[in-house]
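Notes for the structure review
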Amino acid sequence: MTESARRAMSPEIDPPSADVDAGGGTTASVELDRVTVSYGRTTVLRDLSLAVPHGQFIALLGPSGSGKTTVLRTIAGFIRPDAGDVRLAGVDVTERPPHKRGIGVVFQSYALFPHMSVNDNLAYPLRAKGADKKLIARRCADLLELVRLPHVGKVRPTRLSGGQQQRIALARALAMEPELLLLDEPLSNLDANLRVDVGSEIRRLQQQTGTTAVMVTHDRKEAFAMADQIAVLVGGVIEQIGSPTDLYRRPVSRFMAEFVGDATFVPGTVRAVEDGVARVATPLGELLVPDPVVEAGAVDVVLRPEDIALVEDPARLSSSGAWTVHEAHVDQVSYFGSSIAVRASVGDLELSAVASGSTVALPAAGDSVRIGIDGSRCVLLPGEGPR
Ligand code: ADP
């Protein structure tokens, strides 16, 4: 951590909830324990439990209306759950009002005061806490260093770009060295080309300051790029929680497999399991898929596009895989420069493959190609049958 970052986060001013243990032990930074929330007669969150370890960045991802914002507002204290507890660093804060929870919040709309200078915006939470002038001036300068905008203290936020305003909002949220940072769709008001920059800036600051963060987003790429863990919410229930790799490589359902990326589902039947490897009969022949728990019966084999190789020379397939090679008919090719997406079919089965744009012999629609499938990269789900 740089000196200014260290000072910006130094505990010279009491955090708002001094009785909250600063953590560092084994307790989670934030914990929801069997939380149920209703609006009138409609139950939106059901028995939802979630624990975020200290210093982790977790994204709440899900379709619109799935309850993400309700989770965030419950953690912040704007919503009181019908049942269940909210704990911060092991302390039950379910009954505690928002301003006493020691949480920094960043909103999609920045929520800066337009008539105040950037410095006055940053100073606002510090003044409310009764900090002295000198300390406030130094803290503002340190916070501006932290977000790499050292020269904007005297201007009004409205003179800044959207990306800069969001970085000031982030600095303000970090001013009180919060136990937890809540981010409510923080990138959705920004142009597409700024989102990546501001997203990586948020991640850098979160890691540099060691602050635990919970972000709401409906954008899968944002969640994958920024978060340590992603909780996917569907209808107020967590469908799956895990690292981006867990979600992509080990989806728990067809919904999850499709929600986090392209997938082809190949119907199959597990004939036998030997040494943790399933022999699966499929329209693509027998695939050898590692799965220590699957039992004999109907399954769906999940194939990701990058696991379907366009085979120029079968002898050059990696010897570590369990390959089967098939003749396929190319239906469509989309060229993106660095990669190509190929829709191809083997009999009635339609497959999505992706290959490097530097593939020597780029296929065209109507061509016959050979495709290779490495069973050791496949995932098995309980069979749902053809759709
Ligand atoms: P998300 O953030 O995933 O889009 P929300 O948490 O905002 O989802 O909303 C979850 C569900 O609760 C939605 O069906 C929404 O219409 C409903 N809802 C949200 N806020 C209110 C409210 N204040 N009053 C009534 N229903 C609400």
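Look a little higher up for the structure.
In this report, the structure presented in the accompanying data block is examined. Along each chain, residues carry numbers from 1 onward, in the same order as the chain's sequence is written. Local features in this predicted model are restricted to residues whose pLDDT is 70 or higher, and side-chain atom pairs enter the listing and the counts only when it is 80 or higher, whereas totals over whole chains, interfaces and linings include all residues. Excluding hydrogens and water, the side-chain figures rest on all heavy atoms present in the structure.

**Some remarks on the sheet that holds strand E4 (residues 83-88)**
The condition that has to hold: A pair of strands is treated as paired once DSSP finds two or more bridges between them. Counting from the N terminus, the helices are the DSSP runs of H or I reaching at least four residues and the strands are the DSSP runs of E reaching at least two. Note on contacts: a residue pair is in contact if any heavy atoms of the two residues lie within 4.5 Å. Convention adopted: a line fitted to C-alpha atoms gives each axis, helices being fitted over their contacting stretch, and angles between N-to-C directions are expressed from 0 to 180 degrees.
Taken together, four strands build an open sheet; the order of strands is E2-E1-E4-E5 and the sheet is antiparallel. Of all the strands in the sheet, just strand E2 (42-52) and strand E5 (91-92) have a single pairing partner and so form its edges. Here strand E1 (residues 30-39) pairs with E2 via seven bridges, running antiparallel. Its bridge partner lying in E2, Glu31 is registered against Ala51. Strand contacts of helix H2 (residues 68-76): E1, E2 and E4, with the helix running at about 115 degrees to E1, the strand carrying the most contacts.

**Overview of the pattern of salt bridges**
To keep it simple, the criterion reads: Any carboxyl oxygen of Asp or Glu that lies within 4 Å of a side-chain nitrogen of Lys or Arg is treated as forming a salt bridge with it. Three labels apply to residues, based on accessible area from a 1.4 Å probe with only protein chains included: buried if under 20% of the type maximum, exposed if over 50%, partly exposed otherwise in between.
Evaluated as defined, the whole model comprises 18 salt bridges. Across the pair Arg80 and Glu95 runs a salt bridge, and its minimum N-O distance is 2.7 Å. Here Arg80, found in the loop between H2 and E4, pairs with Glu95, found in the loop between E5 and strand E6 (103-106); they are 15 residues apart in sequence, far enough to count as distant. The class of Arg80 is exposed, set by a relative accessible area of 54%. You can call Glu95 exposed: its relative accessible area is 60%. In this structure, the salt-bridge partner of Glu286 is Arg279, at a minimum N-O distance of 2.7 Å.

**Overview of the layout of surface pockets**
Test applied: We place a 1 Å grid over just the protein atoms. Points where a 1.4 Å probe fits but has no way out form a cavity, open points with protein on both sides within 12 Å along at least 5 of 7 lines form a pocket, and any residue with an atom within 4 Å of a point lines it. Grid points are joined across faces, edges and corners, and a volume is the space filled by probe spheres set on the points. Residues are sorted three ways: Asp, Glu, Lys and Arg are charged, Ala, Val, Leu, Ile, Met, Phe, Trp, Tyr, Cys and Pro are nonpolar, and all the rest, Gly among them, are polar.
By volume, the largest pocket is sized at about 640 Å³. Lining the largest pocket are 20 residues, with His99, Ile103, Gly104, Val105 and Pro125 sitting closest to its centre. Residues belonging to the lining of the largest pocket are distributed by class as follows: 15 nonpolar, three polar and two charged.

**Things to note about the site of the ligand**
Defined as follows: When at least one non-hydrogen atom of a residue lies within 4 Å of a molecule or strand, that residue is treated as near it. Throughout this description, a polar contact denotes any pair of N or O atoms lying within 3.5 Å of each other; where both atoms belong to protein, one of them has to be capable of donating a hydrogen while the other can accept it, and for residues adjacent in sequence the pair is counted only when both atoms sit in side chains. In short, Shrake-Rupley with a 1.4 Å probe defines the accessible areas, and a residue's cover is counted only from the protein chains shown.
Tyr39, Val44, Pro63, Ser64, Gly65, Ser66, Gly67, Lys68, Thr69 and Thr70 make up every residue found near the ligand. At a separation of 3.0 Å, an oxygen atom of the ligand approaches a polar backbone atom of Gly67. Residue Lys68 places a side-chain N or O atom 2.9 Å away from an oxygen atom belonging to the ligand. In isolation the ligand exposes 560 Å². Once the protein is present, 53% of that is buried. It is H2 that contributes the most residues to the shell around the ligand, three residues altogether. For the shell around the ligand, a count of residues per class yields three nonpolar, six polar and one charged.

**Quick notes on the packing of helix H3 (residues 118-128) against helix H5 (residues 162-174)**
The criterion, for reference: Orientation is classified from the angle alone, with under 35 degrees giving roughly parallel, over 145 giving roughly antiparallel, 65 to 115 giving roughly perpendicular, and any other angle giving oblique. A clockwise turn of the near helix away from the far one marks a right-handed crossing, whereas an anticlockwise turn of less than a right angle marks a left-handed crossing.
The contact between H3 and H5 brings their axes to 8 Å, and the two run at 25 degrees. Here H3 is positioned roughly parallel relative to H5, judged by the angle of their axes. In this structure, the crossing between H3 and H5 has a hand that is right-handed. Across the interface between the two elements, Val118, Asn121, Leu122 and Pro125 from H3 touch Ile168, Ala171 and Arg172 from H5. Of the residues in the contact of H3 with H5, the class split is five nonpolar, one polar and one charged.

**Some points on the side chain of Gln165**
By the secondary structure assignment, Gln165 is in helix H5. Here Gln165 falls in the buried class, since its relative accessible area comes to 14%.

**Some remarks on the sheet that holds strand E7 (residues 180-184)**
Taken in spatial order, the six strands make up an open sheet running E6-E7-E8-E3-E9-E10, and their pairing is mixed. A single partner strand is all that each edge strand has here, and the edge strands are E6 and strand E10 (237-242). Ignoring strand direction, the axes of neighbouring strands in this sheet form an average angle of 20 degrees. Both strand E3 (residues 57-61) and strand E9 (residues 229-234) contribute to a ladder of four bridges, which runs parallel. Considered in E9, the bridge of Ile58 is made with Gln229. Strand contacts of H2: E3, E6, E7, strand E8 (212-217) and E9, with the helix running at about 150 degrees to E7, the strand carrying the most contacts.

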